[in-house]
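Commentary on secondary and tertiary structure
Each chain is listed here by its residues.
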Amino acid sequence: MPITALDPDSALIVVDVQKGHAGARLVHPLEGVVERSATLAAAFRERTLPVVLVSVAGAPPGRTDAAPNGPSGDSLPEGYADLMPELNVHGDDMLVVKHARSAFAGTSLAEKLRGLGVTQVVITGVTTGSGVESTARDAHDQGFNVTVALDAMSDTDAGRHEHSVAKVFPRIAETGTAQDVLDALPSAFGGTAR
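Read on for a plain summary of the structure.

Quick look at the nonpolar core
Leu12, Phe44, Val181 and Leu185 are the most contacted members of the largest nonpolar core, which totals 30 residues. Counting residues per element, the ones that place at least two in this core are strand S1 (10–15), helix H1 (30–46), strand S2 (51–56), strand S4 (120–126), strand S5 (145–154) and helix H5 (178–189). Apart from the residues within four sequence positions on either side, Val181 is in contact with Ile3, Leu6, Leu40, Phe44, Val122, Thr147 and Ala149. Membership of the second largest hydrophobic core comes to 27 residues, among which are Ala11, Val54, Ala103 and Val118.

Brief notes about unusual backbone geometry
With an omega dihedral of -10°, the bond running from Val126 to Thr127 counts as a cis peptide bond. Position of Thr127 among the secondary structure elements: in the loop between S4 and helix H3 (128–141). In this model, Asp16 sits at a positive phi of 55°, which is unusual for a non-glycine residue. Taking the relative accessible area as the measure of exposure, Asp16 reaches 4% and is therefore buried. Of note in this structure, Thr48 is not a glycine but carries a positive phi near 55°.

Considering the environment of Thr124
Tracing the backbone through its elements, the reader meets Thr124 in strand S4. Each C-alpha atom, one on Thr124 and one on Ala178, is 8.8 Å from the other, the two residues being 54 residues apart in sequence. Look past the residues within four positions of Thr124 in its chain and what remains in contact with it is Leu12, Ile13, Val14, Val15, Ser37, Leu40, Val132, Ala149 and Ala152.

Quick look at the pattern of salt bridges
Tallying each qualifying case throughout the model produces six salt bridges. Residue Arg45 is joined to Asp93 by a salt bridge in which the shortest nitrogen-to-oxygen separation is 2.7 Å. Of this pair, Arg45 sits in helix H1 while Asp93 is found in the loop between S2 and strand S3 (94–98), placing the two residues 48 residues apart along the sequence. You'll find Arg45 and Asp93 in the same group, each marked buried.

Regarding the sheet that holds S1
Ordered by their spatial adjacency, six strands build an open sheet running S3-S2-S1-S4-S5-S6, and the pairing between neighbours is parallel. Lying at the two open borders of the sheet, with one neighbouring strand each, are S3 and strand S6 (174–176). Each adjacent strand pair in this sheet contributes to an overall mean axis angle of 20°, direction not counted. For S2 and S3, the ladder comprises five bridges, and the chain directions are parallel. Its bridge partner lying in S3, Val52 is registered against Met94. Packing against the sheet, helix H4 (residues 158–172) makes contact with S5 and S6, and its axis sits at approximately 165° to S5.

Regarding the pairing of S2
Where burial is concerned, most of S2 is hidden: six out of the six residues are buried. Neither face of S2 is left uncovered, since the one carrying Val51, Leu53 and Ser55 and the one carrying Val52, Val54 and Val56 both have all their residues buried. As paired strands, S1 and S2 are joined by four bridges and run parallel to one another. Across the sheet, the residue bridging to Ile13 is Val52, located in S2. Since S1 and S2 lie parallel, the crossover through H1 that links them has a hand, and here it is right-handed.

Some details on the environment of Pro77
Relative to the helices and strands, Pro77 resides in the loop between S2 and S3. Residue classification places Pro77 among the exposed positions, given a relative accessible area of 52%. Considering only alpha carbons, one finds Pro77 and Ala57, 20 residues apart in sequence, at a separation of 10.0 Å.

So, the pairing of S5
Counting buried positions along S5 gives seven out of 10 residues, so the element sits mostly inside the fold. Between the parallel elements S4 and S5, the chain passes through H3 in a crossover that is right-handed. Here S5 pairs with S6 via three bridges, running parallel. Bridge pairing in S6 links Thr147 to Glu174.

Calculation rules
Residues numbered from 1 in each chain as written. Predicted model: local features only at pLDDT ≥ 70, side-chain atom pairs only at ≥ 80, totals over all residues. Heavy atoms only, no water. Core = buried A, V, L, I, M, F, W, Y, C linked by side-chain atoms within 4.5 Å. Buried < 20%, exposed > 50% of the residue type's maximum accessible area, 1.4 Å probe, protein only. Helix = DSSP H or I, 4+ residues; strand = E, 2+ residues; numbered from the N terminus. Contact = heavy atoms within 4.5 Å. Salt bridge = Lys/Arg side-chain N within 4 Å of Asp/Glu carboxyl O. Pairing = 2+ DSSP bridges. Axes fitted to C-alpha atoms, helices over the stretch in contact; angles between N-to-C directions. Right-handed = clockwise from strand over helix to strand, strands pointing away.

Here is the structure:
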């Protein structure tokens, strides 16, 4: 479903746009994801809306076919979880370090957003079929209205990316481009800071 509106109490969640993904072979180049995420972050900050910057620093310990021993924070290279500098972290941004796919799993993100009165989240990031999708699913399950900026995300697997975009997101979110989100901001907020 296209983006119809943004709630006046929306927040931006940027998932795993971090240095550890800089060398990944993504379906859509990381530079575009970083640029559009940074543009959205600046627009949300300008309107004093919350910006959540998420990084992944490990995974749950359970065995999987893909990683039988489960990656831990100890096995990640130095600086892996550092956010891309282009995101221009501000003092008011919420920083979330996670050890799971979803930004909500094992963190207090839902409670913090509710405490700020947030009713809707806009999500961007890496990777589409993992961190972004898991965060969007959890946000939907937590009762937030969800919007995903499709051109501000990417994945290492084209099939997984397309599945999330075509089959998953339309069932749990409104979808559009980063520009669609920017266009919805002035109509929702009059283009001025709250």
